[in-house]
Amino acid sequence: MAQLLNFWKLKRPRWKQSRWYRLAYVLASINLITIIISFYVTRLLLDSYEDSILANQLWTQRIIQFSKLTNLANAVEAPGKDVLKSGAVDFESERLKKAVQAYLESSQAVRKSLSEIGTSEEVRGLVIQLKQADQAVMAIQLDANHIFDLLRESRPADATTHLGVMSQHHTQAVFEIRSLCWQAWANGARVFGGQVAHAASLRWYEAGIGLLAIFPVLAITFHGSRLANQVRETEAKLGRLTALVEHSEDAIISKELNGQITSWNAGAEHLYGYSAAEVLGRSPMFLLPNDRLDEEAAIDKEVRAGHAVQQLETVRRRKDATLVDVELTVSPVRNEHGDLIGISQIARDIREMRTWEQTLRMAKAASDTANQAKSEFLANMSHEIRTPMAAILGFNDVLSQTVERPDEIDAVQTIRRNGEYLLELINDILDLSKIEAGRFELEQLAVSPTKLVADVITLMRVRATAKGLDLKLEYATEVPETIHTDPTRVRQILINLIGNAIKFTEQGSVRFVVRLRQEPDQPACLQFDVIDTGIGMTEEQIAKLFRPFTQADSSTTRKYGGTGLGLSICHRLVQMLGGTVTVTSQPDSGTTFTVTIATGDLQQTRLIIPGIEAAPLPVVPKPIESAAPQSAKILLAEDGPDNQRLIKYVLNKAGMEVVCVENGEAACELALSNSALGSPFDLILMDMQMPVLDGYSATRRLRGYGYTRPIIALTAHAMSGDREKCLAAGCDDYTVKPINRDLLLSMVKDYASRSTASDVVPRNADPAW
């Protein structure tokens with residue numbers, strides 16, 4: 001090896017054998033290698049920096065897109081507000097559709113832009129906030145449509161009340177969009193901060209490269225100049241983003257982990273009264289009232305743990321020492337490595353929202369009061385109308401048993417028919433009132449659909465035959481042996497629809513088609529089609545068909561009669577039963593009503609072919625009236641003299657002894673005194689609305705004194721809960737006026753036969769009922 005080294009020295013010039021040459025040679029080699037490595041690393045850094053610049057440009061474009069969503073959300077809200085001033089429901093409805101379409105297109109573009117970024121945690125957070133904003137805007141659309149529907153139904157007061165709900169959804173949508181902009185700005189600022197750090201390190205690296213080689217320095221200087229221009233452009237765009245934050249109506253504050261405030265926008269100056277110069281570098285503790293000093297530390301702890309604090313309603317102190325209600329959203333701020341570097345806080349002034357909430361509470365209270373007053377009015381009107389109708393129809397029955405001439409029989413039947421029509425009208429109004437007030441209760445019973453349909457067809461075939469029409473029943477598919485629904489309301493719906501078909505059909509037929517619908521991923525339902533060959537309807541008439549007190553046109557009311565309540569009630573009942581109602585019709589060609597109702601679970605239910613597997617309807621024998629008890633003694637408490645005479649006549653004719661009193665006070669005295677004398681009444685018929693002492697109080701007093709014999713309530717009220725109210729007062733049973741003669745006799749005979757003589761009535765007892 002030594003010989004080789006000596007040979008290498010001898011073969012070269014002397015200056016090349018110098019140690020400086022060798023050192024220079026080594027340094028040159030190192031320099032060359034360094035230049036190559038430095039150029040390669042610099043190229044990587046430049047590429048990374050260029051990518052970051054492009055990312056920043058994309059973030060800027062996205063934030064501008066986000067900002068446009070606020071204006072589009074305002075455009076969605078505008079029709080719902082403007083319609084209360086203009087009254088142009090159709091125009092504002094079309095305007096709403098266009099605004100929603102514009103918003104959805106912009107939102108879809110934003111979502112597509114976000115999907116191009118990737119699936120980082122920050123992007124997923126932005127997508128979630130965008131979905132929340134979309135949901136709030138959709139809620140605005142639903143609220144606006146509901147306001148349009150209320151105005152179409154001539155209910156401007158309810159529409160004004162619902163405007164507050166729509167404003168809340170609008171406030172939520174704007175908040176979500178602004179939060180979206182702020183988070184995007186924070187992400188852009190984080191990227192820009194990383195770029196500045198890269199640029200600083202790059203400049204130092206450029207200086208080192210310049211000491212090694214001039215050409216790399218020139219190349220890097222050229223690239224550095226180009227990058228500097230891009231940095232200035234990015235700074236300008238970031239300045240525009242900062243302007244968006246500065247001009248936000250919400251107070252946006254950021255602070256470092258040591259608690260010092262680093263940014264304070266114009267919204268914060270307006271909300272709290274402090275300028276930025278007064279607060280930068282300070283801790284935000286000066287904003288907290290004395291009773292909330294621990295709140296900031298609790299929020300910081302939550303955020304440092306990686307959890308955002310959403311919509312925290314609290315109180316903050318302004319510069320003038322007044323308190324302001326705010327809603328806080330506090331989020332962590334992270335750098336490109338995911339490290340926590342600060343905390344951002346958005347505060348919204350909710351004093352106006354609180355005022356709205358108070359207004360809404362007052363409006364709701366007023367609405368509840370109005371609904372209660374309406375219910376009481378309807379109950380009283382029901383009582384006042386049913387009471388004289390009880391006498392009219394009752395004595396009409398008495399007359400029907402005595403007249404023989406055809407014209408007299410026709411007159412009696414006319415009175416009965418019109419009286420029953422008036423009662424149907426009262427029942428429809430009460431049903432509509434209960435549905436609108438949300439107090440309409442449905443049953444869920446196991447019922448045979450074939451038997452229910454057979455009952456309806458048997459009833460309606462009499463009407464069809466009387467008009468010369470053919471009523472046909474068809475089963476298009478197998479049907480369940482039993483379903484779970486409310487049979488009374490289903491019967492009411494079918495009778496109304498078939499009755500209308502018969503009424504509006506002069507010649508031809510009415511078809512009633514039943515089928516079971518079982519579609520994939522959809523609950524099973526029964527479908528009823530009522531198809532007639534009647535007068536038909538136009539599209540305009542169909543559009544207003546299900547509105548209360550509305551018929552196809554005024555001539556329909558004059559020719560066919562009716563109030564227009566039946567279909568409105570049917571439509572709402574079908575919805576409550578989990579189904580739908582649709583109509584197809586052509587003028588002079590007939591109409592088809594299609595109704596579906598939910599059947600409940602059919603997994604364990606057998607399907608049958610009606611007419612083959614369905615069990616025949618049982619023949620219910622006509623009940624044989626049992627002989628009246630020989631000593632049946634009835635106490636009738638009724639303040640109406642006409643109803644007194646009617647009920648007394650009916651019971652006397654059945655062989656019962658009747659004693660009448662005019663109020664609850666007299667009923668108590670007479671019942672207790674007869675019991676004390678050993679000759680108690682077998683039964684008390686107690687009218688619940690009487691002067692001096694009403695039936696409820698009289699029944700409670702009797703039960704309080706230990707009276708155990710039957711008491712049957714007589715009432716003209718037919719609202720929901722009246723039966724329960726009577727039974728809660730101590731009555732054994734309940735019947736509604738006008739009195740059904742057969743039902744009353746059956747009920748009286750049944751309870752009178754059960755009556756015992758075991759009453760022991762201490763007159764000095766303290767009523768405990």
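Before reading on, note that the structure itself is shown above.
Just so you know, these numbers come straight off a predicted model, no measurement behind them. (Residues numbered from 1 in each chain as written. Predicted model: local features only at pLDDT ≥ 70, side-chain atom pairs only at ≥ 80, totals over all residues. Heavy atoms only, no water.)

Participant: So what about empty space enclosed by the protein? Which residues, and what values?
Facilitator: Applying the stated rule across the entire model yields five cavities of 30 Å³ or more. Within this model, the largest cavity holds a volume of roughly 120 Å³. Looking at the largest cavity, it is lined by 13 residues, and the ones nearest its centre are Gly394, Asp397, Leu646, Val650 and Arg741. Going through the elements one at a time, α10 (351-400), α17 (641-653) and α21 (741-754) are the ones with two or more residues in the lining of the largest cavity. The dominant element in the lining of the largest cavity, judged by the number of residues it contributes, is α17, at five residues. Among the residues forming the lining of the largest cavity, the class breakdown is seven nonpolar, three polar and three charged. There is about 60 Å³ of room inside the second largest cavity. For the lining of the second largest cavity, the elements supplying multiple residues, two or more each, are β1 (251-256) and β5 (340-349). Looking at the lining of the second largest cavity residue by residue, the classes come out as three nonpolar, three polar and two charged. (1 Å grid on protein atoms, 1.4 Å probe; cavity = no way out; pocket = protein on both sides within 12 Å on 5 of 7 lines; lining within 4 Å. Points joined across faces, edges and corners; volume = space filled by probe spheres on them. Helix = DSSP H or I, 4+ residues; strand = E, 2+ residues; numbered from the N terminus. Nonpolar A, V, L, I, M, F, W, Y, C, P; charged D, E, K, R; others polar.)

Participant: Go over the packing of helix α19 (residues 695-704) against helix α20 (residues 722-729), please, and point to the residues and values.
Facilitator: Relative to each other, α19 and α20 sit at 30°, their axes nearing to 8 Å. In terms of orientation, α19 lies roughly parallel with respect to α20. Across from Tyr696, Thr699, Arg700 and Arg703 in α19, the residues of α20 making contact are Lys725, Cys726 and Ala729. Counted by class, the contact of α19 with α20 contains three nonpolar, one polar and three charged residues. (Axes fitted to C-alpha atoms, helices over the stretch in contact; angles between N-to-C directions. Parallel < 35°, antiparallel > 145°, perpendicular 65-115°, else oblique. Contact = heavy atoms within 4.5 Å.)

Participant: Let's hear about the sheet that holds strand β16 (residues 657-661): which residues, and what values?
Facilitator: The parallel open sheet is built from five strands, whose spatial order is β16-β15-β17-β18-β19. Two strands in the sheet have a free side with no partner beyond their single neighbour: β16 and β19 (733-736). For this sheet, the mean inter-axis angle between neighbouring strands, taken without regard to orientation, is 20°. Here five bridges tie strand β15 (residues 633-637) to β16, and the two strands are oriented parallel to one another. (Pairing = 2+ DSSP bridges.)

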